[in-house]
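As a plain string of letters, each chain reads:
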Amino acid sequence: MSTLTRARCRLRAHPFALDAALAAGVLVCMLAGSFVDPHGPDGITWELRAPDPLSLVLMTLGAAALAFRRRAPRRVLALAGGASVVESVTGDPRAPVAMCAVVALYTVASTTDRPTTWRIGLLTTTVLTGTAMIAGPLPWYAQENLAIFAWTGIGATAGDAVRSRRAFVRAIRERAERAERTREEEARRRVAEERLRIARDLHDVVAHHIALINVQAGVAAHVMDRRPDQAKEALAHVREASRSALGELRATVGLLRQSGDPEAPTEPAPGLDRLDELAGTFRSAGLRVEVARADQGTVLPAAVDLAAYRIVQEALTNVRKHAGDAAKAEVSVVRVGPHIEITVLDDGTGDDQDGAPGGGPGGGHGLLGMRERVAALRGTLTTGPRYGGGFRVHAILPVETRTSAQDGL
C-alpha cells in the first residue's frame, strides 16, 4: 500500500478532521484575499489593507461552519450564505467571504440529487448575486458581483459532477458484486446438480447389481449341497454381475476426474442399445422379462438414452426386489411423435406395496432418482399401482433435448 493510499484511508476514517483541515485552509485563503485591495487610487492596483473587524468575524464564522459540512450540509450553506450576504452589503472593499458559501454549496450538490441541486444552486446564486448587485456598495456590473455569480455556479456544477461520478462508480461496483454473487450461485447450483447426478448413477448401479448378486448368492447357498452345477452357474452370474458393477462404478467415479486425465473413462454411457443385455441379467436372476420395442431405430441424445436405460434398470430392480418370485415384468419402448415412451409393468403381489415400483418402499431413492432424471430432461413420469395388482412405471422423454436442437440449427 502506497503512502498516498494510506493517507486516504486515514482521512476517510476521520472525516471531521478532514473537514476541519479544509475549513482552516479556506479561512487562510479568505484572510489572504482580504488583505488585498484591487481598487487603488490609480485604477486597478494591488495594495495591502487591513480587513474590517466585521469581515474577520464573518470569515471566521463561515470557515468554522465548514467543519460540520458533512453532518448538516444545508444548515452550513444557510450560515455561510448569510455571512456572505452580510459581507456583500457592508463590506467596502469586500472580503471574500463568499468562498465559504461556494464550498458549502459544493457539499450540498455532492450529497443530494440533481433536481434538489438545481433548486438550491439557483436559489443561492440568485440571493448572493442579487443582494450584491442591488444592496451592495459597488455598481451592479462590478467584477466582484459577477465573480459571485460565476463561483456559485461552478460550486453547484462541480458538486453535481462529483455526485454523478460517485453514483456511476457505485453502480459499477454493485454490478460487479452482483455478477460475482451470480457466478458463485451458478457454480454452487452446478456442483449440487452434478452431485445429484452422480448420486443417482451410483444408486442405480449399486442397487441393480447388488440385487442381482443377492439373488444369485441366495440361489447358490440354497442348492450348494444338492445341485453343485446350478450353484456354480449362480456363482458365475455373481462374478459377472460384480464385474459389471465394478465397470460401471469405475466409469461413474471417473466423471470426477479432471479433463485431460489419462485415467479418465472413455467407455460410452449405457443406453437403450444395451436393453436386451440388461433384460438378460434379470432373466438369469429368475425374473421373467419381456421386451417390446417400437422406436423404429430412433437415435437418442446421450442424456435421454442414459435416462431411459436407468429408468428401466431401476424399475426392473425394484420388481426383482419387491414384487415376489413369481412376478413377471414387461418393458416397452415406443416412439410417439417427438417423444419416446418407456413403460415397465409387473404383476407382482409383494406384501410391502406402498407406492414404489414393484411394491418397493415409496420413500426410497429409486423413485426419486427417476423423477429427477425425467424432470432434468423436461419429461414426465407417472408411477402407481395397477388395477388388479402389480405396478406401472411410465416415462415420456423428448427425443431431442434443447441442446441437441440448438446444435442442429
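Above: the structure in question.
Residues numbered from 1 in each chain as written. Predicted model: local features only at pLDDT ≥ 70, side-chain atom pairs only at ≥ 80, totals over all residues. Heavy atoms only, no water.

Can you walk me through the overall build of the protein chain in this structure?
Across its full length, the protein chain carries 12 helices and 7 strands. Out of the 409 residues in the protein chain, the part that is buried amounts to 38%. The long-range fraction of contacts in the protein chain, counting pairs at least 24 apart against all pairs at least 6 apart in sequence, stands at 69%. For the protein chain, the computed accessible surface area is about 23,700 Å², with 60% contributed by carbon and sulfur atoms. (Helix = DSSP H or I, 4+ residues; strand = E, 2+ residues; numbered from the N terminus. Buried < 20%, exposed > 50% of the residue type's maximum accessible area, 1.4 Å probe, protein only. Contact = heavy atoms within 4.5 Å. Areas by Shrake-Rupley, 256 points an atom, 1.4 Å probe, with all protein chains shown as cover.)

Help me understand the pattern of salt bridges, please; the structure alone is not making it clear to me.
Any two side chains of opposite charge can pair, on the condition that their charged atoms come close. As enumerated under the stated definition, the model contains 10 salt bridges in all. Ionic pairing is found between Arg163 and Asp160, a salt bridge with its closest N-O pair at 2.8 Å. Note that Arg163 and Asp160 are positioned in helix α7 (residues 143-223) at a spacing of 3 residues, about one turn of the helix. On the basis of relative accessibility, which here comes to 18%, the residue Arg163 falls in the buried class. Accessibility expressed as a relative area gives 13% for Asp160, which makes it buried. For Arg190, the salt bridge is made with Glu186, and the minimal N-O distance between the two is 3.1 Å. Of this pair, Arg190 and Glu186 both sit in helix α7, 4 residues apart, which is roughly one turn of that helix. Through salt bridges that share partners, Asp19, Arg69 and Arg70 make up one connected network. (Salt bridge = Lys/Arg side-chain N within 4 Å of Asp/Glu carboxyl O.)

I tried to follow the pairing of strand β4 (residues 328-336) on my own but got confused; where do I start?
Along any regular strand, the residues point their side chains to alternate faces of the sheet. In the sheet, strand β3 (residues 288-294) pairs with β4 via 7 bridges, with the strands oriented parallel. Each bridged residue has a counterpart across the sheet, and for Ala294 the counterpart in β4 is Val334. Between the parallel pair β3 and β4, the chain is carried across by helix α10 (residues 302-322), and the sense of this crossover is left-handed. When β4 meets strand β5 (residues 339-346), the two strands line up antiparallel, connected through 8 bridges. In the strand pairing of β5, Ala329 is matched with Asp346. Connecting β4 to the antiparallel partner β5 that follows it, the hairpin turn spans 2 residues, and Gly337 within it adopts a positive phi of roughly 60°. (Pairing = 2+ DSSP bridges. Right-handed = clockwise from strand over helix to strand, strands pointing away.)

Help me understand the nonpolar core, please; the structure alone is not making it clear to me.
Across soluble globular proteins, nonpolar side chains show a tendency to be buried alongside one another. Among the nonpolar cores identified, the biggest contains 39 residues, and Val312, Leu316, Ile340 and Leu397 are the most heavily contacted of them. Elements with a contribution of two residues or more to this core: α7, α8 (228-254), α9 (275-284), α10, β4, β5, α11 (365-376) and β7 (391-398). Among the elements that line this core, the one with the most residues is α10, at 9 residues. Not counting residues within four places of it along the chain, the set of residues in contact with Ile340 comprises Leu272, Asp295, Leu300, Val304, Val333, Val334, Arg335, Ala395, Ile396, Leu397 and Val399. Core analysis: the next-biggest nonpolar cluster, separate from the first, contains 27 residues, Ala23, Ala101, Leu105 and Ala156 among them. (Core = buried A, V, L, I, M, F, W, Y, C linked by side-chain atoms within 4.5 Å.)

What should I look at first to understand the sheet that holds β3 in this one?
Across a sheet, paired strands are connected by hydrogen bonds in the backbone, their directions being either parallel or antiparallel. Read from one edge of the open sheet, 5 strands run β3-β4-β5-β7-β6, paired in mixed fashion. Across the chains shown, the open sheet's two edge strands, defined by having one partner strand only, are β3 and β6 (380-385). Strand-to-strand, the axes of this sheet are offset by a mean angle of 10°, without reference to chain direction. Of the pairings in the sheet, the one linking β5 to β7 comprises 8 bridges and is antiparallel in character. Note that in β7 the partner of Ile340 across the bridge is Leu397. (Axes fitted to C-alpha atoms, helices over the stretch in contact; angles between N-to-C directions.)

How should the packing of helix α4 (residues 73-90) against helix α5 (residues 98-111) be read in this particular structure?
For any two helices packed against each other, one specifies the crossing angle of their axes together with the interaxial distance. Contact geometry for α4 and α5: axes closest at 8 Å, N-to-C directions at 155°. The orientation of α4 relative to α5 falls into the category roughly antiparallel. The crossing of α4 and α5 is left-handed. Taking contact as the criterion, the partners of Pro73, Arg74, Val76, Leu77, Ala80, Gly81 and Ser84 in α4 are, on α5, Ala98, Cys100, Ala101, Ala104, Leu105, Thr107, Val108 and Thr111. Across the contact of α4 with α5, the residue classes break down as 10 nonpolar, 4 polar and 1 charged. (Parallel < 35°, antiparallel > 145°, perpendicular 65-115°, else oblique. Left-handed = near helix turned anticlockwise from the far one by under 90°. Nonpolar A, V, L, I, M, F, W, Y, C, P; charged D, E, K, R; others polar.)

Where do I start with helix α3 (residues 53-66) in this structure?
Counting along an α-helix, one turn takes 3.6 residues, and residues three or four places apart therefore face a common direction. Counted at 1.5 Å a residue, the expected span for α3 with its 14 residues is 20 Å, and the 20 Å between its end C-alpha atoms agrees. Every buried residue belonging to α3 is among Ser55, Leu58, Met59, Gly62, Ala63, Ala65 and Leu66, and all of these are buried. Burial along α3 is one-sided: seen end-on, the buried residues are contained in an arc of 155°. On the buried face of α3, the contacting elements are α2 (15-34), α4 and α5. (Expected span 1.5 Å × (residues − 1). Arc of directions from axis to C-beta.)

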